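# Examination of the molecular architecture
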Amino acid sequence: MAFSEFECWSESGQLECVAVFRPAALDVTSAEEAAAVGFMRPVTRSEAEDAFGRLRDTLTRLGCQTIDLWELLPERERAVSDTTVNRVFVRDTAAVLGRQLVTGTAAFPVRLAEFDVAHRALSQLQPELSSDEVPTSARIEFGDVFVLDAERLLVNVGLRSDARALQPFLELAWRSGFREAAVVRIPESLGIIHLDLAFNVLGPRAVVARAFLRHTPIQVFAQGVAPHWEPFDGYFAQRGCRVIPFEPKGESGFMSNFIYVGPNLILASESASVGLRPLAKEAGIEVASVDIEALERGNGSVRCLTMPLRRRAV
Ligand SMILES: NC(=[NH2+])NCCC[C@H](N)C(=O)O
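The rules behind these values
- Residues numbered from 1 in each chain as written.
- Predicted model: local features only at pLDDT ≥ 70, side-chain atom pairs only at ≥ 80, totals over all residues.
- Heavy atoms only, no water.
- Helix = DSSP H or I, 4+ residues; strand = E, 2+ residues; numbered from the N terminus.
- Rg over C-alpha atoms; globule rule 2.2 N^0.38 Å.
- Buried < 20%, exposed > 50% of the residue type's maximum accessible area, 1.4 Å probe, protein only.
- Contact = heavy atoms within 4.5 Å.
- Areas by Shrake-Rupley, 256 points an atom, 1.4 Å probe, with all protein chains shown as cover.
- Lys, Arg positive; Asp, Glu negative; His and termini not counted.
- Charge placed at Lys NZ, Arg CZ, Asp CG, Glu CD.

Helix and strand counts for the chain stand at eight helices and 16 strands. What you see for the chain is a C-alpha radius of gyration of 18 Å, in line with the 20 Å of a compact globule of 314 residues. Counting only C-alpha atoms, the chain reaches 50 × 50 × 40 Å along its principal axes. Burial status across the chain gives 57% buried among its 314 residues. Counted over contacts in the chain with a minimum sequence separation of 6, partners at least 24 positions apart contribute 73%. Of the roughly 13,300 Å² of accessible surface on the chain, 51% is carried by carbon and sulfur atoms. If you average the places of the 33 positive and of the 41 negative side-chain charges in the chain, the two averages end up 4 Å apart.

Turning next to helix H5 (residues 166–175). Along H5, the positions that sit buried rather than exposed are Leu166, Phe169, Leu170, Leu172, Ala173 and Trp174. Here the buried face of H5 lies against strand S3 (94–97), strand S4 (100–103), strand S5 (145–147), strand S6 (152–156), strand S7 (180–184) and strand S10 (218–222). Once H5 finishes, Gly177 follows within two positions and takes phi at roughly 105°, a positive value.

So this is what it looks like as structure tokens:
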């Protein structure tokens, strides 16, 4: 996949190509190590690798090409990269917004090296930036960003994406061809690190959102006009999209952390799929599932583990 083919104008176009990053070479062996890297529980390298293999195979079977960024890494970067267990959560490091690859900035210091390395791998797919081109990086972790459609982005500012990063990010959004940015603020007291752990796009006509989000009005920005506020559900209703609320149930904290692969199909983890299926059904969407419990111990699931590089508009 060449950079010229990068293109994502929604979360619900047919998924054609994603970047992934194979698990690092280290086990996470104790509760202390897990806490140091933002994991929920220990996990061995081999458990993580098995789960990663299943994820990749499933994506391939569903017709989506996967590019393992590890393959693009210059030899000298591999040693450090192999010690960064969060590198599997490649979603956070960058995103294709329209036709623009935008790189992010880690707010969690243990991920700083890994973000740099992922950017270097991605740059192998991109032509050299000429010196007069403006850099396209933001102080955002992309688990907080959704491409709602060809005109709109949704972004959360909170634990990982700083409110002070918003203005430069908006400018980047306008340059990339978007006309509106909806900003949500997940209360930091909930400890939810990224928006995709509380929200996702189920398809062109529906989104799922943790029930508390209805208490968090959306601030709507557009170029050259003063921002205004809209109710959370009302924002989506106004734009032809229904909000399906949910509360996390039992085992699965990752109900919203799936990826739309299309047509009318999403891919979720096995544990998330149980609660998700009835909700998706309401919107006419099927749920394919894959056992990635070992990777979920790192506090992320299918969405965090995939970075769409190309979606075909439908
Ligand atoms: N988009 C996401 N929800 N990513 C999850 C990342 C989890 C990772 N352990 C971290 O703390 O950063």
